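# Observations on the three-dimensional arrangement
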Amino acid sequence: YSKSISVPDCYQTELQWACKGSYAWTAQKKAKMLFETAGGLLQAHIHRCSEPTVTFFNPLVWERDAYCDVYVDYELLPKESTCRIVDEKGDEVKYQILSSLREGAYYRMFVKSLPSLGYRTYRILTGGKADDDVATAAATPCLLENDYYRLTIDPVRGGISSLYDKKAQREIVDKECRWEAGQLIYETLADRDIMNHRTTRGMERTSLTDVRVTEGAHGPLYRSLVVEGQCPGLTEHGLRCEVKLYADQPRVELDYAMRPTANTNPIAYYVAFPFTGRRLTFDVQGGFVRPGENQLEGTASEWNTIQHFVSARADGYQVLLSSKEVPLVQLGHMLDGPFEYIKHYDRPHVYSWVMNNYWVTNFRASQEGEMQWHYTLTSRPDTADTEALRFALGDRVQAYARVLPVGTNDSRPLEGSLLAVHGHHLTATAVAPARRRGYVVLLVRETSGLAPQTLRLTAGGRPVRFDRVNALEEVMEPRLRTLRVPPHGLVMVRVRTPRH
């Protein structure tokens, strides 16, 4: 709507926003209901026993270690006692409380070696007293440290001034940058029209003031520090960022929350990630983009939308950043001058563009209310796109859990793998019901770009035949046992719905 900015409170603006916003809220509601419906349908096939159980489902088609956020009532997982979540071999699931309610709590659980497109059931064993002294990583004011990283927070500016990779002996944060990693940036324009003229005159940037750093959570999975501060454009609640350092994996999470005011002046918020290294890579739908190198001519160079991850690379090493909620980024540097037709940058800095009200058509003039978003960061001793994509997919697609109360012992299997994709550098990025009843379709990508790879599928560990189909699900090659996928190739295959 052309007047959403110029006349933000008129009837048509309010009406169109209510209509368009309803699409997103309806989608959210229906997606939640689909999850509950699917969980209810699966429930009849889950093993039950004389103790409460929790069954974890892996919706990705490779075996993986997975995190899962799950709500459990205190009747099943008592608040004041130590509970063990174990499988039939006695292997335990580590868990930690994220938030508590009167009747139960939300937990983050970590499951190892969860089967490909499969599941595993664990028993909840209660008894004993809660141990409040469990610690995962050393923590002192403004410092978190474990076997992988040493993380230092600036007590004045509120950003991560240093993130040192102890295994690789490398500093991840570029200390010569004006901004620190995770630091919030508040940007204002003299007027909105400067974007139309492709200039940045009258642009100003500031950051947090009155910064406070306090100790946050500590438990078997992670330890955290909480950064709070004030910033223009926010209510008195300011910004809150919880920085989590995980114990058993090279993993850092940053969880943000802030409440912008109803401000119709042109403003924007960013989070800075000035990484060390030389080269940036990010993934899009079906491929990988290196800004200024293999980007399609004429496409946006000053800002980009990442599908799953952005990577800073150099010398056989990469740092990976992923976010579930805020995919828009400015790469290399922030927009400070005339727009570039071809991207040029000196250092692999990433600026996450969290929100703005710059655009003059079809956007709200103000964006008030609480905003929550998250980032996950890791590093690896390689520059492989395959591992980068799998990390980001694993971060964005959590395991799903179904908690069941005490039942009658039955003979249903405790775990199973319904389908697995085999082949070096092959990743299935989508699995969906086929148009033909009783079949599913997989979208499989070759991610190395080096050589053709051979695709195989198994169900329950046994080879299965499949059809290569096109986007209309027309059969191109029937009843295959293997399929050669070209470098950076994308194939669609259809297989009969596995049963277990």
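For the chain, the count of helices and strands is three helices and 37 strands. Taking 500 residues into account, the globule formula puts the C-alpha radius of gyration at 23 Å, and the chain, at 24 Å, falls close to it. Reported as C-alpha extents along the three principal axes, the dimensions of the chain are approximately 70 × 60 × 55 Å. The 500 residues of the chain split such that 48% are buried. In the chain, the share of contacts with a sequence separation of at least 24, taken over all contacts with a separation of at least 6, comes to 69%.

With 12 residues, helix α3 (residues 385–396) should cover 16 Å at 1.5 Å per step; its first-to-last C-alpha distance of 16 Å lies within 8% of that length. Asp385, Thr386, Ala388, Leu389, Phe391, Ala392, Leu393 and Asp395 are the residues of α3 that are buried.

This next bit is on the pattern of salt bridges. Under the counting rule described, the total for this entry stands at 29 salt bridges. We note a salt bridge from Glu51 to Arg123, for which the minimum N-O separation is 3.7 Å. Here Glu51, found in the loop between α1 (11–43) and β1 (53–57), pairs with Arg123, found in strand β6 (residues 118–125); they are 72 residues apart in sequence, far enough to count as distant. Among the salt bridges present, the one from Lys324 reaches Asp395, with a minimum N-O distance of 3.8 Å. With a gap of 71 residues between them, Lys324 in the loop between β23 (317–322) and β24 (328–331) and Asp395 in helix α3 connect regions that are remote in the sequence. Residue classification places Lys324 among the partly exposed residues on the basis of a relative accessible area of 37%. Here Asp395 falls in the buried class, since its relative accessible area comes to 3%. The structure contains a network of salt bridges with shared partners spanning Asp69, Arg108, Arg251, Glu253, Lys324 and Asp395.

In this section: the environment of Ala312. Secondary-structure assignment places Ala312 in strand β22 (residues 310–314). Owing to a relative accessible area of 2%, Ala312 belongs among the buried residues under this scheme. C-alpha separation for the pair Ala312 and Phe275, spaced 37 residues apart in sequence, amounts to 6.6 Å. Once residues within four sequence positions are removed from consideration, Ala312 is found in contact with Phe275, Thr276, Arg279, Leu280, Tyr317, Gln318, Val319 and Pro348.

This brings us to the pairing of strand β19 (residues 279–284). One ladder, built from four bridges, connects β19 with β22; its direction is antiparallel. Across the sheet, Thr281 pairs through a bridge with Ser311, a residue of β22. In the sheet, β19 pairs with strand β20 (residues 287–289) via three bridges, with the strands oriented antiparallel. The residue bridging Phe282 from the neighbouring strand is Val289, located in β20.

Below, the discussion takes up the sheet that holds β23. Reading across from one edge, β14-β15-β16-β17-β26-β23-β22-β19-β20 is the order of the nine strands in this open sheet, with antiparallel pairing throughout. Both edges of this open sheet fall to β14 (209–218) and β20, since each of them pairs with a single strand only. Across the sheet, the axes of successive neighbouring strands diverge by a mean angle of 20°, strand direction being ignored.

So, about the sheet that holds strand β5 (residues 104–114). Spatial ordering of the open sheet is given by β2-β5-β4, a layout of three strands whose pairing is antiparallel. At either margin of the open sheet sits one strand with a lone partner, and together these are β2 (64–73) and β4 (94–100). Pairs of neighbouring strands in the sheet enclose a mean axial angle of 25°, with direction left out of account.

Tracing the backbone shows Thr378 in strand β26 (residues 371–380). When its relative accessible area of 3% is taken as the criterion, Thr378 is described as buried. In terms of polar contacts, Thr378 uses its side chain to reach the backbone carbonyl oxygen of Pro250, at 2.4 Å. Those residues within four positions of Thr378 in sequence are excluded, and the remaining contacts are Tyr149, Pro250, Gln318, Val319, Leu320 and Phe391.

A grouping of Tyr71, Leu98, Leu101 and Tyr106 is seen on the molecular surface, where their side chains present a nonpolar patch of about 320 Å² in accessible area. Counting through the fold element by element, Tyr106 comes out in strand β5.

With the rule as written, the count across this model stands at 22 aromatic pairs. Between Phe288 and Phe309, the ring centres sit 6.1 Å apart and the planes meet at 45°, which makes this aromatic pair tilted. Taken together, the residues Phe288 in strand β20 and Phe309 in the loop between β21 (304–305) and β22 connect sequence positions 21 residues apart. Judged by centre distance (5.4 Å) and plane angle (70°), the ring pair of Trp303 and Trp353 falls under edge-to-face. One end of the pair, Trp303, is in the loop between β20 and β21; the other, Trp353, is in strand β25 (residues 349–356), with 50 residues separating them in the sequence. What links up through ring pairs into an aromatic cluster is the set Tyr270, Trp303, Phe339, Trp353, Tyr358 and Trp359. Over the aromatic face of Tyr148 sits the side chain of Lys167, whose NZ or CZ is 5.7 Å from the ring centroid. Over the ring of Tyr246 we find Arg251, and its NZ or CZ is 5.4 Å from the ring centre.

So, about the environment of Val431. Residue placement: Val431 occurs in strand β30 (residues 426–433). Put simply, Val431 and Arg251 are 180 residues apart on the chain and 27 Å apart in space, counted from C-alpha to C-alpha. Setting aside residues up to four positions removed in sequence, Val431 forms contacts with Val61, Val441 and Leu442.

What counts and how
Numbering of residues starts from 1 in every chain and runs along the sequence as written. In keeping with the model being predicted, local features are shown solely for residues with a pLDDT of at least 70 and side-chain atom pairs are shown and tallied solely at 80 or more, while totals for entire chains, interfaces and linings include all residues. Based on all heavy atoms of the structure, the side-chain values leave hydrogens and waters out of the count. Secondary structure elements are defined from DSSP: runs of H or I of at least 4 residues count as helices, runs of E of at least 2 residues count as strands, and each element is numbered from the N terminus. When we talk radius of gyration, it's over C-alpha atoms, and the globule rule is simply 2.2 Å times the number of residues to the 0.38. Exposure categories follow from relative accessible area, calculated using a 1.4 Å probe and restricted to protein chains: below 20% of the type maximum is buried, above 50% is exposed, and the middle band is partly exposed. Only heavy atoms enter the contact rule, under which two residues are in contact if any of them lie within 4.5 Å. The length a helix should cover is 1.5 Å for every residue beyond the first. Here, a salt bridge means any Lys or Arg side-chain nitrogen found within 4 Å of an Asp or Glu carboxyl oxygen. Only when DSSP finds a minimum of two bridges between them are two strands counted as paired. Under this scheme, a helix contributes an axis fitted over its contacting stretch, all axes are lines through C-alpha atoms, and angles between N-to-C directions fall in the 0 to 180 degree range. Identification of polar contacts relies on pairs of N or O atoms within 3.5 Å, with a donor-acceptor requirement for protein atoms, meaning one able to donate a hydrogen and the other able to accept it, and with residues adjacent in sequence counted only if both atoms are side-chain atoms. Two distance rules govern patches: like charges are joined within 9 Å, and nonpolar side chains (Val, Leu, Ile, Met, Phe, Trp, Tyr) within 5 Å, applied only to residues with over 30% relative accessible area and no salt bridge. The Shrake-Rupley method, run with a 1.4 Å probe sphere, supplies the accessible areas, and residue values consider only the shown protein chains as cover. Paired rings are identified among Phe, Tyr and Trp, the last through its six-membered ring, by centres lying within 6.5 Å, and are further divided according to the angle between planes into stacked (under 30 degrees), edge-to-face (over 60) and tilted (the rest). Whether a charge sits over a ring depends on NZ of Lys or CZ of Arg being within 6 Å of the ring centre and within 35 degrees of the ring normal.

Distances and angles like these do not, on their own, reveal function.
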